[in-house]
Every structure is written in structure tokens, then in C-alpha cells.
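Observations on the model geometry
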Amino acid sequence: MSIPFYKYQGTGNDFVIIDNRQNIFSKNDTKLVKKLCDRKFGIGADGLILLENHDTLDFTMVYFNADGNPSSMCGNGGRCIVAFANELGVINNTTTFEAVDGLHEAHIENGQVHLKMQDVAEIKEFDTHLFLNTGSPHHVQWVSQIEDFDVKTEGATLRYSELYGKAGSNINFVEATTDGFRLRTYERGVEDETLSCGTGATAVALAIHKQGKVNQTSVPLQVEGGKLTISFEPEGEGYKNIFLIGPAQKVFQGVWTD
Ligand SMILES: N[C@H](CCC[C@H](N)C(=O)O)C(=O)O
């Protein structure tokens, strides 16, 4: 079997992307997806993305976590598939596509991909943290000395705690810095810290605004792999017109022969 693939990264969150418009890839082969994402025995990635045809829209995005299982929405992956679709000539600089959480508009401007996220109707606030779903579930918690924080240990403890049951959640730790905010994320389905999480950054930006720690409706965030900007409009208890903005780059391409 030979599978042509592309490797993309968005602020260090990296993905194997496959043009599956001819349905060459067996989507139910969890073991194959896990192997392709394996950083020692495979290509290595936080997730795997399929670009597929859609009856009426530009394309369909199918997303798998590195553990091989189909997942909820991936924001950085959404930005990378838009850059990939542009490279393939499937789109120009604007698009509307379908993903697991519904339709997404996106456009490419000055080398940055602007991805529209689903509206967020509710942000749950607790004594120790906040919880919201931005296409994927996210726990948001303030910490100090984030650079020394044991994200993997603390993140796994919360992700597998009774707080989130069998489904689990992604876990985001955030700290205010001298020039803004910095976040680090433990990602469900990768079961480790990733250098960036797009739906996580979106969740953190909305949580920061909800708690009144910023007034502006465009929030730049420092993630381990670079910088993401999230813009939004308050609507009632939630938010609308939410955009996740950042770079998405091709790293290499190849052919997987098993
Ligand atoms: N691991 C996440 C999906 C990918 C999210 C992340 N890569 C992003 O950029 O949003 C989950 O299982 O909910």
C-alpha cells in the first residue's frame, strides 16, 4: 500500500494530511492512523487529517487524534487543511468547508489563516477553573510560573479525573505575563502537552474576556509553538463571530509505503 501524504504544522501543532478525495484511505483503520502519527515508528504527528469531497461545499475535513480515534474539532488542523486546500488548488483564498462540528468559513490573508469557529453559547465558571466547548471540550485553569508547570502530569490527572468522565477533556493552563497571556495545553487523544491547541487557545481567549481580564475583543496568546490571535463578539452569555488566526505551514511531503 502506498499513501501520498503531506506534513503541516500550525504553531507547532502538527498533522499528517492526506488528499482523500479518491477515497484511498481506510478511515476505520485505527491502528494505521495511530502508526502514521507515531513519532518513532511512523511519520509522527499530533493528529491526522483527511481532505474529502463534499456535495455542495469546497471540501470535508475528517480529523483523528494521534491515538488513532476520530476526534472532535481541531482548530489548528482546520487552519492547516485550508492552507493545504489552497496548495492543491481546491480553493483560492476563501472557503467554506464541513468539519465534525459543522460548517467553517476561512480565509488566507498575509500568510495567516483566519478560521471561523462555532459560536459558544455557554462558559461554565467554577472556583478552580472554567469549562467550555469550542468544537472540542476545554478545561481552563490559571497557574503561576507556567514555564515550570508540570503540564503532562497535572493535565493527565485532570483529564482522567471524575470531572470529565469517560469522554475526558483537553486541559489548558494559562498565566498573565508582562506582555499578555501565555498558555500550555494537555491534549486529549495525544495524551501529552502539544506546542499549541487551536480550540484550546480559543477557549482561553473567551475565558479571559468572560472573566473581565481583558476588554478588547481580539486577544493575542503566546503558545509554546508561536502566537495565535482570537477575535470574537460577545453575544448574551456567550460569543459569536469567533476567529482563530495564525500561520499554517507545509513541512514536507512524501509517500507512506507499508
Ligand atoms: N485533541 C482534541 C482535538 C484536537 C484539538 C487541537 N489539536 C486543536 O488545534 O484544536 C480533542 O480530542 O478534543
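Here, residues in each chain are numbered from 1, in the same order as that chain's written sequence. Local features in this predicted model are restricted to residues of pLDDT 70 or higher, and side-chain atom pairs are both shown and tallied only at a pLDDT of 80 or more, whereas totals for entire chains, interfaces and linings draw on every residue. The basis for every side-chain value is the complete set of heavy atoms in the structure, and neither hydrogens nor water enter the calculation.

Helix numbering and strand numbering both begin at the N terminus, where a helix is a DSSP run of H or I of at least 4 residues and a strand a DSSP run of E of at least 2. Along its length, the protein chain carries four helices and 17 strands. Our radius of gyration is a C-alpha quantity, and the globule rule it is checked against amounts to 2.2 Å times the number of residues to the power 0.38. Against the globule reference of 18 Å for 258 residues, the protein chain gives a C-alpha radius of gyration of 17 Å, in line with a compact fold. Seen along its three principal axes, the alpha-carbon backbone of the protein chain occupies a region of about 50 × 35 × 30 Å. The rule is simple: take the accessible area with a 1.4 Å probe, protein chains only, and divide by the maximum for that residue type; under 20% is buried, over 50% is exposed, in between is partly exposed. Here the protein chain, with 258 residues, has 53% of them falling under the buried criterion. Each accessible area value is a Shrake-Rupley result obtained with a 1.4 Å probe; residue values ignore everything except the protein chains displayed when judging cover. Of the roughly 11500 Å² of accessible surface on the protein chain, a fraction of 46% belongs to carbon and sulfur atoms. His is not counted here, nor are the chain ends, while Lys and Arg score as positive and Asp and Glu score as negative. Lysine's charge is taken at NZ, arginine's at CZ, aspartate's at CG and glutamate's at CD. Between the centroid of the 22 positive side chains of the protein chain and the centroid of its 34 negative side chains there is a distance of 4 Å.

Think of pLDDT as the predictor's per-residue confidence, scored from 0 to 100. Summarising the model, the protein chain shows a mean pLDDT of 98, and 100% of its residues fall at 70 or more. Strand 1 (residues 2-10) is the least confidently modelled element of the protein chain, averaging 97 in pLDDT, while strand 7 (residues 112-117) averages 99, the highest of any element. Reported confidence for the predicted complex is 0.94 by ipTM and 0.98 by pTM.

Counting residues in each nonpolar core, the largest one holds 50 residues, and the members touching the most others are Met-61, Phe-97, Leu-221 and Ile-230. The leading source of residues in this core is helix 4 (residues 198-210), at seven residues. Composition of this core by domain shows at least three residues from each of domain 1 (2-108 + 248-257) and domain 2 (124-246). Residues within four places of Met-61 in sequence aside, it is in contact with Ile-49, Leu-50, Met-73, Cys-74, Gly-77, Gly-78, Ile-81, Phe-97, Glu-98, Ala-99 and Val-100. Think of a nonpolar core as a cluster: buried Ala, Val, Leu, Ile, Met, Phe, Trp, Tyr and Cys residues, connected wherever their side-chain atoms sit within 4.5 Å. Of all hydrophobic cores here, the second largest spans 17 residues; its members include Phe-25, Leu-48, Ala-66 and Trp-256. Those domain boundaries reflect an automatic or database domain assignment. We call two residues contacting when some pair of their heavy atoms lies within 4.5 Å.

It is worth spelling out the pairing of strand 4 (residues 60-65) at this point. Most of strand 4 is tucked away: six of the six residues are buried. Where burial is concerned, the two faces of strand 4 agree: the one with Thr-60, Val-62 and Phe-64 and the one with Met-61, Tyr-63 and Asn-65 are both buried. Of the pairings in the sheet, the one linking strand 3 (residues 47-52) to strand 4 comprises six bridges and is antiparallel in character. Bridge pairing in strand 4 links Leu-50 to Val-62. When DSSP finds two or more bridges between two strands, those strands count as paired.

Before going further, it helps to spend a moment on the side chain of Gln-141. Turning to its location among the elements, Gln-141 is positioned in strand 10 (residues 137-142). Any pair of N or O atoms that falls within 3.5 Å is considered a polar contact. Within protein, one atom must be able to donate a hydrogen and the other to accept it, and sequence-neighbouring residues count only if both atoms are side-chain atoms. Among the polar contacts listed, one links the side chain of Gln-141 to the side chain of His-139, at a separation of 2.8 Å.

Around the ligand, 17 residues are found, and the nearest of them are Asn-170, Glu-187, Arg-188, Gly-198 and Thr-199. In this structure, Asn-65 approaches the ligand through a side-chain N or O atom, which is 2.9 Å from an oxygen atom. Here an oxygen atom of the ligand sits 3.3 Å away from a polar atom, N or O, in the side chain of Ser-71. Relative to its free-state accessible area of 360 Å², the ligand is covered by the protein chains to the extent of 100%. Among the elements of the structure, strand 4, helix 2 (75-88) and helix 4 are those that each provide at least two residues to the shell around the ligand. Under the scheme applied here, ten amino acids are nonpolar (Ala, Val, Leu, Ile, Met, Phe, Trp, Tyr, Cys and Pro), four are charged (Asp, Glu, Lys and Arg), and all others, including Gly, are polar. Its residues placed into classes, the shell around the ligand shows five nonpolar, ten polar and two charged. By convention in these notes, a residue is near a molecule or strand provided one of its non-hydrogen atoms lies within 4 Å of it.

Further remarks concern unusual backbone geometry. A positive phi angle, close to 55 degrees, is found at Asn-23, a residue other than glycine. Of note, Asn-23 is situated in the loop between strand 2 (13-19) and helix 1 (30-37). Not every positive phi belongs to a glycine, and Gln-145 is a case in point at roughly 50 degrees. Counting through the fold element by element, Gln-145 comes out in the loop between strand 10 and helix 3 (151-159). Classification of Gln-145 as exposed rests on a relative accessible area of 52%.

The next subject is the UniProt feature "active site" (unreviewed entry) in the protein chain. Annotation from UniProt places "active site" (unreviewed entry) at Cys-74 and Cys-197. Look at the named residues: they lie 124 residues apart in sequence, but the longest C-alpha span between them is just 7.8 Å, so in the fold they bunch up. Along the polypeptide, Cys-74 turns up in the loop between strand 4 and helix 2. Excluding residues within four positions of it along the chain, Cys-74 makes contact with Asn-13, Phe-15, Met-61, Tyr-63 and Thr-199. Position of Cys-197 relative to the elements: it lies in the loop between strand 13 (192-194) and helix 4. With residues near it in sequence (within four places) discarded, Cys-197 still touches Asn-13, Asn-76, His-138, Thr-185 and Glu-187. UniProt positions are given in the numbering used here, feature names are shortened, and annotations may be inferred rather than shown by experiment.

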